[in-house]
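Single-letter residue listing:
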Amino acid sequence: MLRQFLVGAAASGCNIAIHALVMVTVIRVARLADELATAYQTVRLIAIMIAAVTVLMIAHLAEVLVWTLTYAAVDVAPEGTDLMYFAFVNYTTLGYGDVTPVKRWHLLGPMTAMNGVLLFGWSTAVIFEVLRTTLLAGGEEGDRKKRGWPK
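Since the model is a prediction, treat every value here as computed from it, not as a measurement.

Undergrad: In this structure, what is going on with the packing of helix 3 (residues 83-91) against helix 4 (residues 108-137)? I would like to understand it.
TA: Relative orientation and spacing of two packed helices are given, respectively, by the angle between their axes and the distance between those axes. For the pair helix 3 and helix 4, the least separation of the axes is 7 Å and the interaxial angle reads 60°. Judged by residue contacts, Ala87, Asn90 and Tyr91 of helix 3 engage Gly109, Thr112, Ala113, Asn115, Gly116, Val117, Leu119 and Phe120 from helix 4. Here the contact of helix 3 with helix 4 is built from residues that sort into 6 nonpolar, 5 polar and no charged.

This is how it looks when you write it as structure tokens:
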């Protein structure tokens, strides 16, 4: 059981590092984009949100790939299993339908799901922050100061 926790913790740690780097980048890029003046605030908001969500989706795909590689390294599923599909099923908490892990690695599925839920929640918080920042940037300078948002 300890081996399962260690493998799961290593994959989760790798994913948390990936997510942290992407989150910092998304927020910085959104703040830089907010400084660009445009007469078309709605178009700016749409472009920033599409870009942010696209980057977050790419991050989640990379994180599923980390789990896929982890599964391959420890031989977690029966032979012939599509490990990418299996990782997606676990990461998104869809649940088992047609593939289950081998008995000695049963804990990796729930650990993958826990990692996915936490990272999806983190992404949701960042999407909200990007939206809030972008909306505040479209207002008057005085409104930004009242809300405590820096230039």
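Undergrad: Could you clarify how one ought to interpret the pattern of salt bridges in this entry?
TA: Side chains bearing opposite charge may pair, as long as their charged atoms lie close to each other. By the definition in use, this model includes 1 salt bridge. The closest approach of N and O atoms between Glu129 and Arg132, which form a salt bridge, is 3.2 Å. Of this pair, Glu129 and Arg132 both sit in helix 4, 3 residues apart, which is roughly one turn of the helix. With a relative accessible area of 18%, Glu129 lands in the buried category. The partly exposed category is assigned to Arg132, whose relative accessible area is 29%.

Undergrad: What is the right way to look at the environment of Gly13 in this model?
TA: Mapped onto the secondary structure, Gly13 falls in helix 1 (residues 2-34). When its relative accessible area of 36% is taken as the criterion, Gly13 is described as partly exposed. C-alpha separation for the pair Gly13 and Asn115, spaced 102 residues apart in sequence, amounts to 9.2 Å.

Undergrad: Looking at this model, I keep getting lost on unusual backbone geometry. Mind explaining?
TA: The phi torsion of most residues other than glycine is negative, and most of the peptide bonds are trans. Despite not being glycine, Asp75 has its phi angle at roughly 55°, a positive value. Among the structural elements, Asp75 can be located in the loop between helix 2 (41-74) and helix 3.

Undergrad: I would appreciate a short explanation of the confidence of the model for the chain in the present structure.
TA: For any part of a model where pLDDT is low, the fine detail of the predicted coordinates should not be relied upon. Across the chain, pLDDT averages 86, with 87% of residues at or above 70. Between the elements of the chain, mean pLDDT differs from a low of 50, seen in helix 5 (residues 141-146), to a high of 94, seen in helix 3.

Undergrad: Hey, could you run me through helix 2 in this one?
TA: The periodicity of an α-helix, 3.6 residues per turn, causes residues three or four places apart in sequence to face the same way. The end-to-end C-alpha distance of helix 2 is 50 Å, a good match for the 50 Å that 34 residues give at a rise of 1.5 Å each. Positive phi appears at Asp75, one or two residues downstream of helix 2, with a value of about 55°.

Undergrad: Looking at this structure, I do not really get the nonpolar core. What am I missing?
TA: Generally speaking, a soluble globular protein has its nonpolar side chains buried in company with each other. One finds Trp67, Tyr71, Val74, Val76, Phe86, Trp105 and Leu108 to be the most contacted residues of the largest nonpolar core, which totals 17 residues. When contributions to this core are tallied by element, the ones reaching two or more residues are helix 1, helix 2, helix 3 and helix 4. Among the elements that make up this core, the one with the highest residue count is helix 2 (5 residues). Not counting the four nearest positions on each side in its chain, Val74 is found in contact with Val7, Arg104, Trp105 and Leu108. Grouped together as the second largest cluster of nonpolar side chains are 12 residues, Ala30, Ala52, Leu56 and Val126 included.

Reading the values: the criteria
Residues numbered from 1 in each chain as written. Predicted model: local features only at pLDDT ≥ 70, side-chain atom pairs only at ≥ 80, totals over all residues. Heavy atoms only, no water. Axes fitted to C-alpha atoms, helices over the stretch in contact; angles between N-to-C directions. Helix = DSSP H or I, 4+ residues; strand = E, 2+ residues; numbered from the N terminus. Contact = heavy atoms within 4.5 Å. Nonpolar A, V, L, I, M, F, W, Y, C, P; charged D, E, K, R; others polar. Salt bridge = Lys/Arg side-chain N within 4 Å of Asp/Glu carboxyl O. Buried < 20%, exposed > 50% of the residue type's maximum accessible area, 1.4 Å probe, protein only. pLDDT = per-residue confidence, 0-100. Expected span 1.5 Å × (residues − 1). Core = buried A, V, L, I, M, F, W, Y, C linked by side-chain atoms within 4.5 Å.

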